[in-house]
Amino acid sequence: MKKIMLVDDEILTRESIRNCVDWKSNGFIYCGDAADGEMALPLIEEWSPQIVITDIKMPFMDGLELASIVRKAYPHIKIIILSGHDEFHYAQQALRIGVEDYCLKPVGSTDLIELLQKVSKQIDSEQLQKETAAYTKDKLLSDMCGGLINTSKAIEIAANYHISLIARYYAVISIDFCFHEELLDDNSYKLAAEQFISYFQSDVDVLSYRPSRSELVCLVKSNNEYVLQQCLAELPQQTKPMLQLLNCKALLGIGSIEQRLQSIHQSYLVADHEKNKQRLLQNSQLEANTFLQNATVQQPLIDRAKFINFVKIGTTEQLHEFSHAFCKDIEQLSWSNSMYGIYLFNELTLEAFHTAKQCFADIPNCSELVAQMQQRVREINSLEQCKSYLIDLLSLLWQWRSIGANQYSELILRVKQYITEHYHNKQLSLQEVSRHVGVSPSHLSKVFSQEAKQTLTEFITRTRIHKAMELLKTTNSKTFEIAYEVGYQDQHYFSNIFKKATGMTPIEFRKQGSAMTAETFYFAGGVKHAAAQKT
C-alpha cells in the first residue's frame, strides 16, 4: 500500500480529506499531515511517503517551494498540487517543476481516489522498470534459488529476457568442478560447465548460472515428472566419462523435485546440502558404504535429531550434562581402530552447521569453520575428546544463535533513550536519530519496526503523548504551551494526535485525567482504553 501525506494550512481541508476517504480499502495509508511546507519537510523525511498532496498557497513555505525541494531531495516521491481556480498559473508552474498532477479545490473523494490510483500505477510501473533493469539472467536465477524473489515478479522479469519459467516440475542441481593445479584457469571451468549442460536430455529445459568460477547451478524443469526423475537419476553416471576426459572431479548435489516456482529455493537447499555432504566425505576420504561393508560388529548409532533440537533450544547450563548423556551410546566405540566414529561426527557436524545457517544469523567463513571442525573430528581418539568436541561445536553454533537474537537490542535501547531525552525537539526525525546511533535511516526504520513491534514515528508520538498527559495532570499550562513543550508547533495537529492516542481531546483529558495515569493509554490502542473509561 502506498503512503499518502497531506500538506495544507487549512485545518478543515486537512480533516475533510483525511476523513472522507476509506484509505485502507483503496490501497493507501494516510500517514499524516502538516500545516505548511516547512513543517512538512522533517515529516516527509521521517515517514517516507510515496505521494505528497500539497496546497499551493501556505504561510512560511508554500507548495511550490516544498515541491521544488522534495523533487531534488526525494525524486521518487510523487507530488499532487491542490489548486484553486484563480491559482491555475501557479499550477502550471508546479507542473514545470515536475509534480505529477494537480486537482482543483474543493476536491471530492471519488476524484481524489482516481487521481491517487493513477499516480500509484505510475509508481508501480517505474519501480518494475528499475527492478527489471537491475536484473540480469544470472541474478534472477540466483534470487530464485535463494528464495529472494516472488513468483509473479520472477515471471515478469524472465519475460523481459524471453525466458519461460512455467513448468509443472522443477529441480535444482548444484555442482563444484575441481581440476589439477596446472589447469586452474577459467576456460577449463567454463568448458566443464558447457559439457555438463550438454548431457541433459532434450525433453527437459535447463537454465544455469555460475555463482563462482568453479560452481555451476542448473534449474531443470519439465512437464513430465517421470522424465525429470530419470534425467536426475542417470545424470551422475552419464557425466562421469565427460569428467574423466577433462581430467576433472566434481561434487554433485541433486535437489528435490518441486511443483512450484516458489519452492525452487527448497530444491536448491537440498542440492547444496547433498553437495556439502560429499565434500565432507571426500575430504576425509570416507564413504558411508565402506564403513558399513567393512564393519565386523554392529556399529552404534547416535540420535542426530536429538542433537539438532539441542542446537536450537539448549542452554549453557545443560551443556555438560547433555554431552555426557549423548555420548553414552558410543562408549564402546573404538576410536583408534575404527573410522566409523569420524564418519558419524562428520555427518553430525554438517547437519548442525546447516541448521545454524537456516535458523540463526549468517555464519561468516562457514566453509572454513566446517573444515576446521572436520579436522578436529579426525583427531578424536577417546570418549573424553568426543565430549569436548561436542561442547566446543555447540558453543560455536550458539554464538550465532545469540547474535541472531540480540544483535539489535543495544541499538534499540540507544534509540529509545535518545528519543526519551529529545522528544521536545521539534526537528526530531528518523534521519536525526539514525545519525546519532550511526546507521542508515532505512536500516534503522526496518530494524526498529521488527524489534520494537512499532514504527519509530509511533514510539516518538507515544513518548510525546505520555509527557503531554503528565503535563496536563500536573500543570496549568495551556494546551498550545504543552504542545510546544512536547515537540509540536501546531496546536491543532497536537490535539488531533492526542485524541487518536487517548480517545479524548487534551481538554477532556484534563477534566477526567485525575482518575487516570499515562500507563492507561498507549499509542494506537488508547482509544479502546478511553472508551472503556467512559463507559
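You'll find the structure just up there.
Residues numbered from 1 in each chain as written. Predicted model: local features only at pLDDT ≥ 70, side-chain atom pairs only at ≥ 80, totals over all residues. Heavy atoms only, no water.

Looking only at helices and strands, the chain features 24 helices and nine strands. A buried classification covers 46% of the 535 residues belonging to the chain. Contacts in the chain between residues far apart in sequence, at least 24 positions, make up 68% of those at least 6 positions apart. Accessible surface computed for the chain: about 27,900 Å², of which carbon and sulfur atoms make up 49%. (Helix = DSSP H or I, 4+ residues; strand = E, 2+ residues; numbered from the N terminus. Buried < 20%, exposed > 50% of the residue type's maximum accessible area, 1.4 Å probe, protein only. Contact = heavy atoms within 4.5 Å. Areas by Shrake-Rupley, 256 points an atom, 1.4 Å probe, with all protein chains shown as cover.)

Counting residues in hydrophobic clusters, the biggest one holds 38 residues, and the most contacted among them are Met-5, Ile-44, Phe-494 and Phe-498. When residues of this core are traced back to their parent elements, those giving at least two are β1 (2-7), α2 (37-47), α3 (63-73), β4 (78-83), α20 (456-474), α21 (479-485) and α22 (491-502). Residues contacting Phe-494, with those up to four places away along its chain left out, are Ile-465, Ala-468, Thr-479, Ile-482, Ala-483, Val-486, Tyr-488 and Pro-506. If you look at the next biggest cluster of nonpolar residues, it comprises 36 residues, including Phe-322, Leu-333, Val-370 and Tyr-389. (Core = buried A, V, L, I, M, F, W, Y, C linked by side-chain atoms within 4.5 Å.)

Turning our attention to the state of the cysteines. Scanning the model with the defined rule gives zero disulfides in all. With no disulfide of its own, Cys-178 lies 7.1 Å from the sulfur of Cys-248, the closest cysteine sulfur. (Disulfide = S-S within 2.5 Å.)

Under the counting rule described, the total for this entry stands at 14 salt bridges. As a salt-bridge pair, Lys-78 and Glu-126 come within 2.7 Å of each other at their nearest N and O atoms. Separated by 48 residues along the polypeptide, Lys-78 in strand β4 and Glu-126 in helix α5 (residues 109-134) bring together distant segments of the chain. On the accessibility criterion, Glu-126 (28% relative accessible area) is partly exposed. Of the charged contacts in the structure, one is a salt bridge between Lys-275 and Asp-176, with a shortest N-O distance of 3.2 Å. Here Lys-275 is found in helix α10 (residues 264-283), whereas its partner Asp-176 is found in strand β6 (residues 169-179), with 99 residues between them in sequence. Classification of Lys-275 by relative accessible area gives buried; the value is 2%. Here the salt bridges share partners, and the residues they tie into one network are Arg-14, Arg-18, Asp-33 and Asp-490. (Salt bridge = Lys/Arg side-chain N within 4 Å of Asp/Glu carboxyl O.)

If you walk across this open sheet you meet the four strands as β7-β8-β6-β9, and the pairing is antiparallel. Strands at the two margins of the open sheet, each flanked by one partner only, are β7 (205-209) and β9 (248-254). Each neighbouring strand pair of the sheet contributes to a mean axis angle of 25°, computed without reference to strand direction. For β6 and β9, the ladder comprises seven bridges, and the chain directions are antiparallel. Each bridged residue has a counterpart across the sheet, and for Ile-173 the counterpart in β9 is Ile-254. Its contacts with the sheet place helix α8 (residues 186-198) against β6, β7, β8 (215-222) and β9, and it is angled at close to 145° to β6. Here helix α9 (residues 225-245) sits on the sheet in contact with β6, β8 and β9, set at roughly 10° to β6. (Pairing = 2+ DSSP bridges. Axes fitted to C-alpha atoms, helices over the stretch in contact; angles between N-to-C directions.)

One can find Glu-45 in helix α2. As for Glu-45 and Tyr-74, which are separated by 29 residues in sequence, their C-alpha atoms are 8.8 Å apart. When sequence neighbours within four positions are dropped, the list of residues in contact with Glu-45 reads Tyr-74, Ser-429, Leu-430 and Gln-431.

The next subject is the side chain of Glu-432. Relative to the assigned elements, Glu-432 resides in helix α18 (residues 430-437). No salt bridge forms around the buried Glu-432; measuring N to O, its nearest opposite-charge neighbour Arg-435 is 5.7 Å away. In contact with Glu-432, other than residues within four places in its own chain, are Tyr-418, Asn-425 and Gln-427. (Lys, Arg positive; Asp, Glu negative; His and termini not counted.)

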